[in-house]
Amino acid sequence: MEEQRNSMSKSREQAEGESSPSSSSSSSHPCPICLSPTPQLQESYLDRCFHKFCYKCIVQWTKVVASRHSEAPSSLFCPFCKTENFSIIHGYDGSSFERHYVSQIFSDSVFFTEAHRYRLQCYYTEPGILSDAFDIKRFWKSRKYLQSNPWLYSWLKREIQALMQEEDVDVVVHHMLGTIESSLRRDDQKLKAPELKAPEERQREFKMLLHDAARPFLTGRTDRFVDEAELFLASGLNLEAYDNVYRQRFDQKNPRIDSLEEPTNDGAVILQSLFVFDEDQDGAE
Amino acid sequence: MQTSRARLFKEYKEVQREKGADPDIQLVCDDSNIFKWTALIKGPSETPFEGGVFQLAFAIPEQYPLQPPQVRFLTKIFHPNVHFKTGEICLDILKNAWSPAWTLQSVCRAIIALMAHPEPDSPLNCDSGNLLRSGDVRGYQSMARMYTRLAAMPKKG
């Protein structure tokens, strides 16, 4: 086994012309994902091929692979040699170690609940599912935003956790919360000024500010996030009531979207195609 | 984004250190943007691309290396898996078979391998793919060689 591994890595080095002198001893091989030397506490190995990665790097990659499937996969192909692996060995201290099964990377993380998963799925569907449920125009026109929404913090936290797939997002949440609130409070002060801004102008400004604040963290999903945030604010509902409306709409379009017990292979894709047909009906409602 | 920057910097240092180790590939990072790279690759020998030098453009996403770089040919090339107008490349490792263990350097090697071993069954350039699929290897080679001469070789004075 040991010999086989050595010959494999040798042939790879020859084939790719990699002859870096520093990586001759196996212990100094950098992590193939970040290319940096792995800190000892982070060292982790795949259970079949024994290739070494930083724990952080390989878990991140596992999540990326998992996000492509609607169900969490039970195995992971080594990024380096493509061997199928089932768990990550981590935290070896000479006598004991931790073992994380690939199938549990998602499910055993305490923070990533079913609600997070449903929110993340929302971002894989076409927008507009709730556009006729809440009156966004009226929200701006009648200055409903002046009432602060006490559930905004919890909504933001869950949303950002779902999107970033990270538990500790407090700094980001406070940053967004501050942006939203200062933007709305600024409007509050302007209320006393003789000239009021048009609701459209105010809406545009709000969206732009939030977009700029969110972009570094949410990148490609920023536009949708800003729309979702506006929608939640316009709803004036608490988390539970909001989810109820949202899920109801989801179930109308696709009865299986949030029942994870049932295997839905391409839930999001089916949903998108159904949208096209349901569009007219919605408008008539 | 910090991770991608750190990793690209590692690759940059490796490229500087290994300069000339692979005479077929010359990778250059944009002066002001580490997410933009270009590469010059030599057409593999015993192919219609032999003697040509092809320029590639890399655009690297902020999620790199969890997501693959976007690569396209800047030099015109007649090859079944390269779009003739846009230079887009159809290669599994740049799409769903991507692994974060690939580097920009190894992606270049994969592209050189693709030049030598076209896959006419998933063509982006249908004319080129059809020639190969209908068994007209000579026709494919002469077209590919002509474009190599026209676009990938220095003009003779």
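This is a predicted model, so every value here is computed, not measured.

1. What to know about the overall build of chain A
In step 1: Along its length, chain A carries 11 helices and 6 strands.
In step 2: Residues classed as buried in chain A amount to 24% of the 285 residues present.

2. A word on the overall build of chain B
In step 1: When helices and strands are tallied, chain B shows 4 helices and 4 strands.
In step 2: By residue count, 34% of the 157 residues in chain B fall in the buried class.
In step 3: Restricting the contact set of chain B to residue pairs at least 6 apart, pairs at least 24 apart contribute 54%.

3. So, the UniProt feature "active site" (unreviewed entry) in chain B
All names here are of chain B.
In step 1: UniProt marks Cys90 with the feature "active site" (unreviewed entry), using the numbering shown here.
In step 2: As for its position among the elements, Cys90 is in the loop between strand E4 (70-73) and helix H2 (104-116).
In step 3: Among residues more than four places away in sequence, those in contact with Cys90 are Asn81, Ser122 and Leu124.

4. Focus on the sheet that holds E4(B)
Residues and elements named next belong to chain B.
In step 1: Here we have 4 strands laid out as an open sheet, ordered E1-E2-E3-E4, and antiparallel in their pairing. Two strands close off the open sheet at either side, each with one partner strand: strand E1 (25-29) and E4. Across this sheet, the average inter-strand angle for adjacent strands is 20°, counted without regard to direction.
In step 2: Where strand E3 (residues 53-59) meets E4, 4 bridges bridge the pair, whose relative direction is antiparallel. Its bridge partner lying in E4, Phe58 is registered against Val71.

5. Concerning the interface of chain B and chain A
In step 1: In this assembly, 15 residues from chain B lie in contact with 13 residues from chain A.
In step 2: Those elements giving two or more residues to the side of chain B that touches chain A turn out to be helix H1 (2-17) and H2 of chain B.
In step 3: In terms of residues, the side of chain B that touches chain A owes the most to one element, H1(B), which gives 5 residues.
In step 4: Residue classes in the side of chain B that touches chain A are distributed as 6 nonpolar, 3 polar and 6 charged.

6. Topic: the environment of Phe53(A)
Residues and elements named next belong to chain A.
In step 1: Checked against the element boundaries, Phe53 lands in strand E2 (residues 52-54).
In step 2: Spatially, the C-alpha atoms of Phe53 and Glu43 are 6.3 Å apart, while their sequence positions differ by 10 residues.
In step 3: Setting aside residues no more than four positions away along its own chain, Phe53 makes contact with Cys31, Pro32, Ile33, Ser44 and Ile58.

7. Considerations on unusual backbone geometry
In step 1: A cis amide bond, omega 5°, links Tyr64(B) with the succeeding residue Pro65(B).
In step 2: Within the element layout of this structure, Pro65(B) appears in the loop between E3 and E4.
In step 3: With a phi close to 70°, Lys82(A) is a non-glycine residue in the positive phi region.
In step 4: Secondary-structure assignment places Lys82(A) in the loop between strand E3 (76-77) and strand E4 (84-85).
In step 5: Judged by the 11 C-beta atoms lying within 10 Å of it, Lys82(A) falls in the exposed class.

8. Some remarks on helix H8 (residues 199-218) of chain A
Residues and elements named next belong to chain A.
In step 1: Here H8 contains 20 residues, and its C-alpha end-to-end distance of 27 Å stays within 8% of the 28 Å for a straight helix at 1.5 Å per residue.
In step 2: Within the sequence span of H8, burial applies to Arg202, Phe206, Ala213, Ala214, Phe217 and Leu218.
In step 3: Positive backbone phi, at 40°, marks Thr219, one or two positions downstream of H8.

9. Some words on the nonpolar core
In step 1: Counting 35 residues, the largest nonpolar core has Ala39(B), Ile41(B), Leu56(B), Cys108(B) and Ile111(B) as its most contacted members.
In step 2: Elements that contribute at least two residues to this core include exactly H1, E1, strand E2 (36-42), E3, E4, H2 and helix H4 (137-152) of chain B.
In step 3: Examining the composition of this core, we find that 7 residues originate from one element, H2(B), more than from any other.
In step 4: Ignoring sequence-local partners within four residues, the contact set of Ile111(B) consists of Ile41(B), Leu56(B), Val71(B), Ile89(B) and Leu91(B).
In step 5: In terms of nonpolar packing, the next biggest core, distinct from the first, is built from 26 residues, Ile180(A), Ala213(A), Val226(A) and Ala229(A) among them.

Rules of the game
- Residues numbered from 1 in each chain as written.
- Chains lettered and ligands numbered in written order.
- Predicted model: local features only at pLDDT ≥ 70, side-chain atom pairs only at ≥ 80, totals over all residues.
- Helix = DSSP H or I, 4+ residues; strand = E, 2+ residues; numbered from the N terminus.
- Buried ≥ 20, exposed ≤ 12 C-beta atoms within 10 Å, placed from the backbone.
- Contact = placed C-beta atoms within 7 Å.
- UniProt positions renumbered as here; feature names shortened; annotations may be inferred.
- Pairing = 2+ DSSP bridges.
- Axes fitted to C-alpha atoms, helices over the stretch in contact; angles between N-to-C directions.
- Nonpolar A, V, L, I, M, F, W, Y, C, P; charged D, E, K, R; others polar.
- Expected span 1.5 Å × (residues − 1).
- Core = buried A, V, L, I, M, F, W, Y, C linked by C-beta atoms within 7 Å.

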